[in-house]
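One-letter residues, chain by chain:
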Amino acid sequence: VSFSFHREEKPSFYWVNIGVPDPFFKGVLQYVLGPPPNPTLYSMRSIEYGAKVDGWLTDQLQLRAAIPFADNAMLDANGNTQNVSKFGDLEIGATYLLTGKRENGNFIGVDGWYRFASGTNPFNMDFPLLSTGRGAPGEAIGLILGQELGGFSFFQSVHYEKTQPIIVDSSNNLFGAGIFQWPDYFHATARIDYLLFHRAQRFVRLFYELRVRESGLMEFNHQVVTYGLSRS
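Anyway, here's the lowdown on the structure attached to this text. (Residues numbered from 1 in each chain as written. Predicted model: local features only at pLDDT ≥ 70, side-chain atom pairs only at ≥ 80, totals over all residues. Heavy atoms only, no water.)

### Section: the sheet that holds strand β11 (residues 166-168)
Here comes step 1: One open sheet accounts for four strands, arranged β11-β12-β15-β16; its pairing is antiparallel. The open sheet is flanked by β11 and β16 (223-224), the only strands paired with a single partner.
Here comes step 2: Pairing geometry for strand β12 (residues 178-181) and strand β15 (residues 219-220), over two bridges, is antiparallel. If you follow F180 over to β15, its bridge partner there is F220. (Pairing = 2+ DSSP bridges. Helix = DSSP H or I, 4+ residues; strand = E, 2+ residues; numbered from the N terminus.)

This is the structure we're talking about:
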């Protein structure tokens, strides 16, 4: 069993490219860095804190959980500070190895996670960009593969993630009443490690990791919602 804590700063360009609807940026103070094609930046920052725990119950089954806490702040169009500090969406996950064992590094397994809608709902907020959650539960399923060869180890994974639809009532001033659907995602990871030094419980590894995410369409009442198209 292992425990870990993290602190991650998310500056303006993170929120510009994260994949939220364009109307979420309404009312946020923006800075235009010169003439096009220079980007438009928004006065938005976030710090996420989190705790994670994971453990192998058997040589084939691993369980894990993550609890995030977000501290979001922004300047509105009038230059006033708006902020929200609350827990985010709790996530639990599991991995089951179909072949191999985790000790020898050669395995094929099924992996997945479930995300609870424990954070704030952006459609119930005056400034949805400050939300600490997506407003709906979601789940993902995928395959993981690992192989060791000499001092090298290789790891690949592919996941499909889907978020449940959100029923939005007429009190929402961005879209009105209807059904909002976050896009589906495909996640792919490739990693190569080299064991540089290993003695007793001490070791040094060098690694290179590449992550790719491809998103589908974002929809409201089955109509496509633009996001990330007018900003760079």
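Still more ground to cover, so stick around.
### Some details on the nonpolar core
Here comes step 1: Judged by nonpolar contacts, the single largest core of 22 residues is most densely connected at L129, I166, F180 and W182.
Here comes step 2: The contact partners of F180, leaving out residues within four places of it in the chain, are P21, F123, P165, I166, V168, F175, M218, E219 and F220. (Core = buried A, V, L, I, M, F, W, Y, C linked by side-chain atoms within 4.5 Å. Buried < 20%, exposed > 50% of the residue type's maximum accessible area, 1.4 Å probe, protein only. Contact = heavy atoms within 4.5 Å.)

### Quick word on a nonpolar patch on the surface
Here comes step 1: Among the surface-exposed residues, F152, I192, Y194, L196, F197, V204, L206, Y208, L210 and V212 lie close enough to one another that they form a single nonpolar patch of about 920 Å² accessible area.
Here comes step 2: Of all elements in the fold, only β13 (185-199) and β14 (202-215) reach the threshold of two or more residues within the nonpolar patch.
Here comes step 3: By residue number, the principal contributor to the nonpolar patch is β14, which donates five residues.
Here comes step 4: Along the polypeptide, V204 turns up in strand β14. (Patch = residues over 30% accessible without salt bridge, like charges linked within 9 Å, V, L, I, M, F, W, Y side chains within 5 Å. Areas by Shrake-Rupley, 256 points an atom, 1.4 Å probe, with all protein chains shown as cover. Salt bridge = Lys/Arg side-chain N within 4 Å of Asp/Glu carboxyl O.)

### Concerning the packing of aromatic side chains
Here comes step 1: Counted by the stated rule, this structure contains 13 aromatic pairs.
Here comes step 2: For the ring pair F175 and F180, a centre distance of 5.9 Å and an interplane angle of 40° mean the geometry is tilted.
Here comes step 3: Residue classification places F180 among the buried positions, given a relative accessible area of 0%.
Here comes step 4: Put simply, the rings of F24, F123, F175, F180, W182 and F220 touch in pairs and so form one group of aromatic residues.
Here comes step 5: Residue placement shows R191 over the ring face of F207; its charged tip is 3.8 Å from the ring centre. (Phe/Tyr/Trp six-rings, centres within 6.5 Å; stacked < 30°, edge-to-face > 60°. Lys NZ or Arg CZ within 6 Å of the ring centre and 35° of its normal.)

### A short note on the environment of A66
Here comes step 1: On the secondary structure map, A66 appears in strand β5 (residues 61-75).
Here comes step 2: Look at A66 and you get buried, because its relative accessible area is 18%.
Here comes step 3: Between the C-alpha atoms of A66 and Q30, which are 36 residues apart in sequence, the distance is 33 Å.
Here comes step 4: Once residues lying within four places of it in the same chain are set aside, the contact partners of A66 are A51, K52, L90 and E91.

Coordinates in, geometry out; function isn't part of it.
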